Amino acid sequence: MYTVLYLPFGALGGFITVALTFLATRSGLSITEGALLGGAQMISQWLKWTWAPAIDVTLTPKRWYVFATACSALGVFGMAVVPLGPDTLWLLLAIIAIASLINSIVGMSIEAILAQATPRGEEGRVSAWFQAGNLGGTGLGGALGLYLLQVLPEPWMAGAIMGGLFMACCGALVWVPDIVPHRAIGGVVSAVQGVIGDLFKLGRARGGFLAAILCFLPLGTGAGQGVLTQAAVAEVWGAGATEVALVQGLFAGILTAAGCFVGGWLCKRFHPRTAYAVIGLLLAVVGLLFGLTTPGSPLEMAFIPAVYLYIGWNLLYSLVVGFAYAAFTALVLNAIGSGSAATKYSIYASLSNFPIWWLGLLLGTTADKWGPATMLYTESAIATLGVVIFGIVVATMHEAPELGADDTTFLEQRYRPAYVLAGRLRTIGMLTTVAVWLVGGVMGIQNWDVPDAAYPGELLLVGSAFFGIAVLVSSQVVAAMLVAFTDAAVGVSPLSPAQRMRVLRDVAAIEVEEDAPGVPAEPHGDAV
């Protein structure tokens with residue numbers, strides 16, 4: 001139900017960021033101007049918290065959904081009708097901004113239902129289905145929109161078909177529970193005051209504050225996808241319309257939807273804050289490797305066709321983006337509770353959309369001036385810096401614990417998966433380092449005396465040595481940060497080395513509910 005209802009929200013964004021963005025450079029726009037299309041969409045997503053209270057205090061979420069979906073259908077029709085080119089750029093940007101503003105209400109109406117209808121402890125599973133509709137809709141809107149714009153004789157036909165599909169999703173409202181607006185005695189004014197009171201409670205809570213910091217940082221944004229979609233960028237790898245429509249549209253939708261379920265599972269195993277930070281770092285690693293293997297880069301794999309690398313790295317990138325989006329929703333649901341849900345969720349969504357907006361514009365300019373490889377390096381470096389900043393914030397925010405420092409049984413059971421993951425990261429880092437050194441050594445020896453080799457043997461040997469060291473160091477740092485996050489989340493004295501070793505040696509799977517009987521739960525939502 002949540003997947004189907006959220007499709008129009010994602011599909012409108014996909015039509016803009018995939019279909020229109022790919023055709024931008026082919027229609028006479030620069031890469032930077034093409035990035036403005038996605039930027040116009042993100043402005044409304046960044047500011048939507050300003051009109052979110054209206055969703056909480058006026059009509060029911062069902063009625064808001066029907067209204068917003070109908071307006072979104074008209075918006076996508078308008079985008080298809082207006083010719084794409086330098087002369088019509090500002091008109092198209094205005095249509096995108098207005099349509100995206102109204103389309104945000106599609107998301108807010110579902111978020112209001114989601115927060116009030118989701119049982120405690122089910123945030124990860126529900127987030128997976130919810131974001132599957134968002135990201136799957138992005139892939140569907142991008143692939144189908146690009147295909148229709150290219151094969152139909154008139155562009156308006158593509159817009160009409162997309163708009164009709166949007167309206168068809170309203171049929172899923174039959175199974176949606178009825179949610180009462182946040183009204184109070186005294187009318188709308190009192191209702192708005194109640195919403196503001198809920199926001200202040202959320203801001204004073206440690207969990208709410210940390211979630212806000214994490215959303216504001218440029219982690220797991222997937223902002224590079226909008227640049228990688230553009231024809232001028234895709235051509236660096238020899239990719240054309242077919243490859244872009246598949247890897248940024250159809251297959252991206254499938255993989256990001258699948259990634260949502262992996263992200264939801266991770267949020268059942270670990271605290272959503274920890275999962276979100278680690279996933280953001282994982283996406284940074286994928287972007288770094290993507291850039292290093294770009295044609296003309298130090299680790300270019302000349303023996304593999306460049307278009308295959310474009311397809312493979314984009315699919316992996318999309319998969320990890322799915323992890324991040326599901327973790328974001330679980331993170332927010334864990335923090336906000338059920339009261340004033342549309343407003344509180346929209347504030348977190350706006351915080352997270354702000355870095356997507358400015359990072360997308362920055363990456364577009366970077367790719368335009370210095371190439372797509374530098375763009376990928378930039379995205380990776382910024383995300384890594386964001387994780388470091390969050391680690392510092394977490395480490396400095398200790399609270400008076402509700403558990404005794406000697407209550408190690410609960411600590412071991414609740415946080416064992418994080419310590420186990422840290423150990424596995426160290427192991428994987430060492431094995432990867434050895435593999436890099438072996439491959440680099442073999443290739444370096446083969447090319448040692450080859451005069452016309454694409455990369456001299458000396459370069460391969462030195463490059464693989466440094467890259468292996470970078471992988472080894474980064475895996476150790478990530479593992480150490482994961483342990484630090486976990487220790488800080490406990491809120492009491494960290495486990496002693498002996499206790500931690502006992503946790504690591506306990507190979508039996510331990511499944512403990514977050515709100516175990518007799519164990520104080522983390523403050524959550526309106527209970528703060």
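Please read these numbers as outputs of a predicted model, since none were measured by experiment.

Observations regarding the overall build of the chain
- Helix and strand counts for the chain come out as 19 helices and 0 strands.
- Of all 528 residues assigned to the chain, the portion counted as buried reaches 54%.
- Contacts spanning at least 24 positions in sequence make up 84% of the contacts within the chain whose residues lie at least 6 apart.
- Surface exposure of the chain reaches about 21900 Å², of which carbon and sulfur atoms provide 70%.

Regarding the nonpolar core
- Core analysis: the largest hydrophobic core is formed by 123 residues, its most contacted members being Phe15, Leu37 and Met79.
- Examining the composition of this core, we find that 18 residues originate from one element, helix H14 (residues 306-336), more than from any other.
- Those residues within four positions of Phe15 in sequence are excluded, and the remaining contacts are Leu20, Val76, Met79, Ala80, Gly141, Gly142, Gly145, Leu149 and Met162.
- Core analysis: the next-biggest nonpolar cluster, separate from the first, contains 5 residues, Tyr419, Ala479, Leu482 and Val483 among them.

Some remarks on a nonpolar patch on the surface
- Together, Leu246, Leu250, Phe251 and Ile254 make up an exposed nonpolar region whose accessible area comes to about 340 Å².
- With respect to the helices and strands, Leu250 occurs in helix H12 (residues 241-269).
- The class for Leu250 is partly exposed, based on a relative accessible area of 41%.

A closer look at the packing of helix H1 (residues 2-24) against helix H5 (residues 89-117)
- At a minimum axis separation of 10 Å, H1 and H5 run at an interaxial angle of 150°. For the element pair H1 / H5, the angle class is roughly antiparallel. In this structure, H1 meets H5 at a crossing whose hand is left-handed. Between H1 and H5, the residues in contact are Tyr2, Leu5, Tyr6, Pro8, Phe9, Leu12, Ile16 and Leu20 and Ile96, Ala99, Ser100, Asn103, Ser104, Val106, Gly107, Ile110, Glu111, Ile113, Leu114 and Ala117, respectively.
- Taken together, the residues of the contact of H1 with H5 break down into 15 nonpolar, 4 polar and 1 charged.

Structural notes on the packing of aromatic side chains
- In total, this model carries 7 aromatic pairs according to the counting rule given.
- Ring centres 5.3 Å apart and planes at 50° place the aromatic pair Trp237 and Phe290 in the tilted group. Remark: Phe290 occurs in helix H13 (residues 272-292) and Trp237 occurs in the loop between helix H11 (231-234) and H12; sequence separation between them is 53 residues.
- Grouped by ring-pair contacts, the aromatic residues Trp237, Phe290, Tyr310 and Trp313 constitute a single cluster.

So, the side chain of Thr366
- Secondary-structure assignment places Thr366 in helix H15 (residues 341-370).
- Separated by 2.8 Å, the side chain of Thr366 and the backbone oxygen of Leu362 make a polar contact.
- Contacts of Thr366, omitting those with residues within four sequence positions, involve Gly371, Thr374, Met375 and Thr378.

Section: the confidence of the model for the chain
- Averaged over all residues, the pLDDT of the chain is 78; the fraction at 70 or higher stands at 79%.
- For the chain, the element scoring lowest by mean pLDDT is helix H19 (residues 497-505), at 50; helix H7 (residues 155-168) scores highest, at 94.
- Throughout residues 184-188 the model reports pLDDT below 50, and contacts reaching past four residues in sequence, or to other chains, amount to 4 contacts.
- Confidence drops under a pLDDT of 50 for residues 399-406, and excluding neighbours within four residues, the segment shows 10 contacts in the predicted structure.

Comments concerning the environment of Leu114
- For Leu114, the position within the fold is in helix H5.
- A relative accessible area of 0% places Leu114 in the buried class.
- Along the chain, Leu114 and Leu333 lie 219 residues apart, while their C-alpha atoms are 8.7 Å from each other.
- With sequence-adjacent residues up to four places away left out, Leu114 is seen in contact with Tyr2, Val126, Phe130, Thr329 and Leu333.

As for the environment of Ala484
- Position of Ala484 relative to the elements: it lies in helix H18 (residues 457-490).
- Relative accessible area serves as the criterion here: at 43%, Ala484 is assigned to the partly exposed category.

Some thoughts on H14
- Helix length check: H14 (31 residues) gives 45 Å between terminal C-alpha atoms against 45 Å at 1.5 Å per residue, within 8%.
- Among the 31 residues that make up H14, 24 are buried, leaving the element largely enclosed by the rest of the structure.

Things to note about the side chain of Asn103
- Tracing the backbone shows Asn103 in helix H5.
- On the basis of relative accessibility, which here comes to 2%, the residue Asn103 falls in the buried class.
- Among residues more than four places away in sequence, those in contact with Asn103 are Pro8, Phe9, Leu12 and Ser72.

Here's the deal with the packing of helix H6 (residues 123-151) against H7
- Contact pair H6 / H7: the axes reach a minimum separation of 8 Å and the direction vectors enclose 150°. On the basis of their axis angle, the class for H6 and H7 is roughly antiparallel. Our pair here, H6 against H7, has a crossing hand that is right-handed. Where H6 abuts H7, its residues Gly141, Leu144, Gly145, Leu148 and Leu149 lie against Pro155, Ala158, Ile161, Met162 and Leu165.
- Each residue belonging to the contact of H6 with H7 can be placed in one class, and the counts come to 8 nonpolar, 2 polar and no charged.

Cut-off values and rules
Residues numbered from 1 in each chain as written. Predicted model: local features only at pLDDT ≥ 70, side-chain atom pairs only at ≥ 80, totals over all residues. Heavy atoms only, no water. Helix = DSSP H or I, 4+ residues; strand = E, 2+ residues; numbered from the N terminus. Buried < 20%, exposed > 50% of the residue type's maximum accessible area, 1.4 Å probe, protein only. Contact = heavy atoms within 4.5 Å. Areas by Shrake-Rupley, 256 points an atom, 1.4 Å probe, with all protein chains shown as cover. Core = buried A, V, L, I, M, F, W, Y, C linked by side-chain atoms within 4.5 Å. Patch = residues over 30% accessible without salt bridge, like charges linked within 9 Å, V, L, I, M, F, W, Y side chains within 5 Å. Salt bridge = Lys/Arg side-chain N within 4 Å of Asp/Glu carboxyl O. Axes fitted to C-alpha atoms, helices over the stretch in contact; angles between N-to-C directions. Parallel < 35°, antiparallel > 145°, perpendicular 65-115°, else oblique. Left-handed = near helix turned anticlockwise from the far one by under 90°. Nonpolar A, V, L, I, M, F, W, Y, C, P; charged D, E, K, R; others polar. Phe/Tyr/Trp six-rings, centres within 6.5 Å; stacked < 30°, edge-to-face > 60°. Polar contact = N/O pair within 3.5 Å; in protein donor to acceptor, adjacent residues only side chain to side chain. pLDDT = per-residue confidence, 0-100. Expected span 1.5 Å × (residues − 1).

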